[in-house]
Amino acid sequence: SAIRPSTNKKRATDGNDGKESNIKLSVRIRPINNGARSFVASGNSITEVQQQQPEPTFATPRRKAASEYIYDSVYGEKSTTHEIYNEFVSNIVSSVVNDGVNGTVFSYGQTGSGKTHTMQGGDDDGDNGVIQLAANQIFDTIKQDAAAAEYKVKVSYLEIYIEDIVDLLADSNSAAPLEIRGETINNLVEREVASYEDLMLTIEKKVVETAVGNTCGDDKENSTPSNGFNASSLYLTSVLSLVDLAGSESAKLTGAQGQQLKEGGAINKSLTALGLLFVGLSQKEPINTGYRNYKLTRILKPLLQDGKVAIICCINPSLAYCKTTEYTLKFAERAKRVKTTAVRNMETVHSKATTLSLRLELEESKVEND
Ligand code: ADP
Ligand code: MG
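Conventions we followed
All residue numbers here refer to positions counted from 1 along the written sequence of the relevant chain. Here the convention is simple: chains get letters from A, ligands get numbers from 1, in the order in which they are written. Given that the model is predicted, a residue must reach a pLDDT of at least 70 before its local features are reported, and side-chain atom pairs must reach 80 or more before they are shown or counted; all residues, however, enter totals for whole chains, interfaces and linings. Think of it this way: take the backbone, place a C-beta atom on it, and check whether that atom is within 6 Å of the molecule or strand, in which case the residue is near it. Where helices and strands are cited, they refer to DSSP runs of H or I of at least four residues and of E of at least two residues respectively, numbered from the N terminus. Each residue gets one label: Ala, Val, Leu, Ile, Met, Phe, Trp, Tyr, Cys and Pro are nonpolar, Asp, Glu, Lys and Arg are charged, and the others, such as Gly, are polar. Labels follow a simple rule on C-beta atoms placed from the backbone: if 20 or more others lie within 10 Å of a residue's own, it is buried; if 12 or fewer, it is exposed; otherwise it is partly exposed. Relevant arc is that of directions from the helix axis to the C-beta atoms, nothing else. UniProt positions are given in the numbering used here, feature names are shortened, and annotations may be inferred rather than shown by experiment. Two residues form a contact once the distance between their C-beta atoms, set from the backbone, is within 7 Å. Two strands are said to pair when DSSP picks up at least two bridges between them. Each axis is a line fitted through C-alpha atoms, taken for helices only over the stretch in contact, and angles between the N-to-C directions span 0 to 180 degrees. For this classification, under 35 degrees means roughly parallel, over 145 means roughly antiparallel, 65 to 115 means roughly perpendicular, and everything else is oblique. Handedness of a helix crossing follows the sense of rotation of the near helix relative to the far helix, less than a right angle counterclockwise being left-handed and clockwise being right-handed.

Student: Mind laying out the site of ligand 1, listing which residues take part and the relevant values?
Tutor: Looking at ligand 1, there are 15 residues lining it, with Arg 30, Gly 114, Lys 115, Thr 116 and His 117 nearest. Element by element, the count of residues in the shell around ligand 1 is highest for helix α3 (residues 115–120), at 3 residues. Here the shell around ligand 1 is composed, by residue class, of 2 nonpolar, 10 polar and 3 charged.

Here you go:
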């Protein structure tokens, strides 16, 4: 069945009482034969076969009626992450920086569908992912706004591994898994970063402790700010969460065993809970969807409820993945029904000073590292 972008914005919010949803859904179709070349041999020569680019559609089994899904936007095989970022993500980052609204961006889909490519970028330096593009936008805005506002950017970086929250910025790898209290993750390391490079180095763990120390808040607070901010200035605090989810396929299909099966089981349960959380959030009356049972959904629930959200559902158009692709598209449909209100984190803003906290979350395990 064909997937096409919604031409009428109203339709994209169907089921939302005409209210514009703060959760935006897009589907990204990855190239079908990424770099794969095929050759034919004839006689003593070999010729490369020029691959026809297939139409950016996927087929459902013939006996089934084709279904049509409508999203806020759909990106074909030739699309670039930059294009998706500009059209679909940058307005969220701008709300985070300028309006004190939380933002969450995540990629969803089966292993190999392009989630990490979309969020973390490709192997080429120029092939930036949402993380790099968002970091760039944040520091560009700060530079432009330097005369009017003071910003602090803090980053934290975590991974959920079989229901353990692992702090990737913690000093020692043997640090105990973190616990969630209420809506916050206890003892999660937050590092202040002063520039794009600083941020990227921090999450690549190449960070030198002293370099971080130089950019820390204390120095800034002790010096007299040239733009007239003082200790009584209220900071508008917002969090941008960038999430690279684990593969959504069933552990059984991957033939996982033992520890891998355990990982796969935990991933699938938490992703199922994420789907149910969307069902719960789309109901008029709150229903218990069991989101409290999983770290992923406990962390994401307040962000999905109160902030602006962009979900990029990644699909592999190959017929072999028809079933999982259909599941991904259905997950996206469910998420689309949610109606939320983005709230400012602080009602009274006495200055334009803003604290930004960028959080990168990953749920990865050996199961989906192909
Ligand atoms: P996932 O994180 O969903 O498991 P990856 O992002 O790791 O999938 O993608 C699998 C492989 O396909 C990687 O080698 C990646 O570079 C490549 N790939 C995915 N999406 C694209 C794309 N849109 N363009 C080019 N290569 C892609
Ligand atoms: Mg990945």
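Student: Describe helix α9 (residues 295–306), and please don't skip the residues or the numbers.
Tutor: Listed in full, the buried residues belonging to α9 are Lys 295, Leu 296, Thr 297, Ile 299, Leu 300, Leu 303 and Leu 304. Looking down the long axis of α9, one finds its buried residues gathered within 165° of arc, a one-sided arrangement.

Student: Quick one: what's the story with the UniProt feature "binding site: ATP" (unreviewed entry) in the protein chain, residue by residue and with numbers?
Tutor: Listed under "binding site: ATP" (unreviewed entry) in the UniProt record, and renumbered for this structure, are Gly 109, Gln 110, Thr 111, Gly 112, Ser 113, Gly 114, Lys 115 and Thr 116. Considering the arrangement of structural elements, one finds Gly 109 in the loop between β7 (103–108) and α3. Excluding its chain neighbours within four sequence positions, the residues that come into contact with Gly 109 are Lys 115, Ser 248, Cys 313, Cys 314, Ile 315 and Thr 328. Following the sequence through the fold, Gln 110 ends up in the loop between β7 and α3. A count of 24 C-beta atoms within 10 Å places Gln 110 in the buried class.

Student: Break down the pairing of strand β13 (residues 236–244) for me, citing the residues and quoting the values.
Tutor: Most of β13 is tucked away, with 8 of its 9 residues classed as buried. Two elements, β7 and β13, share 5 bridges in a ladder whose sense is parallel. Bridge pairing in β13 places Phe 106 opposite Val 243.

Student: Pulling in residues and values, what's your account of the packing of helix α2 (residues 81–99) against helix α4 (residues 130–144)?
Tutor: At their nearest, the axes of α2 and α4 sit 10 Å apart, and the two run at 45° to each other. With respect to α4, the axis of α2 lies oblique. The chirality of how α2 crosses α4 is right-handed. Within the contact between the two elements, α2 uses Thr 81, His 82, Tyr 85, Val 89, Ser 90, Val 93 and Val 97 and α4 uses Val 130, Leu 133, Ala 134, Gln 137, Ile 138 and Thr 141. Split into classes, the residues belonging to the contact of α2 with α4 amount to 8 nonpolar, 5 polar and no charged.

Student: Go over unusual backbone geometry with me, naming the residues and quoting the values.
Tutor: Although it is not a glycine, Glu 163 adopts a positive phi angle of roughly 65°. Here Glu 163 shows up in the loop between β8 (151–161) and β9 (164–167). On the basis of neighbour count, Glu 163 is assigned to the partly exposed category, with 14 C-beta atoms found within 10 Å.

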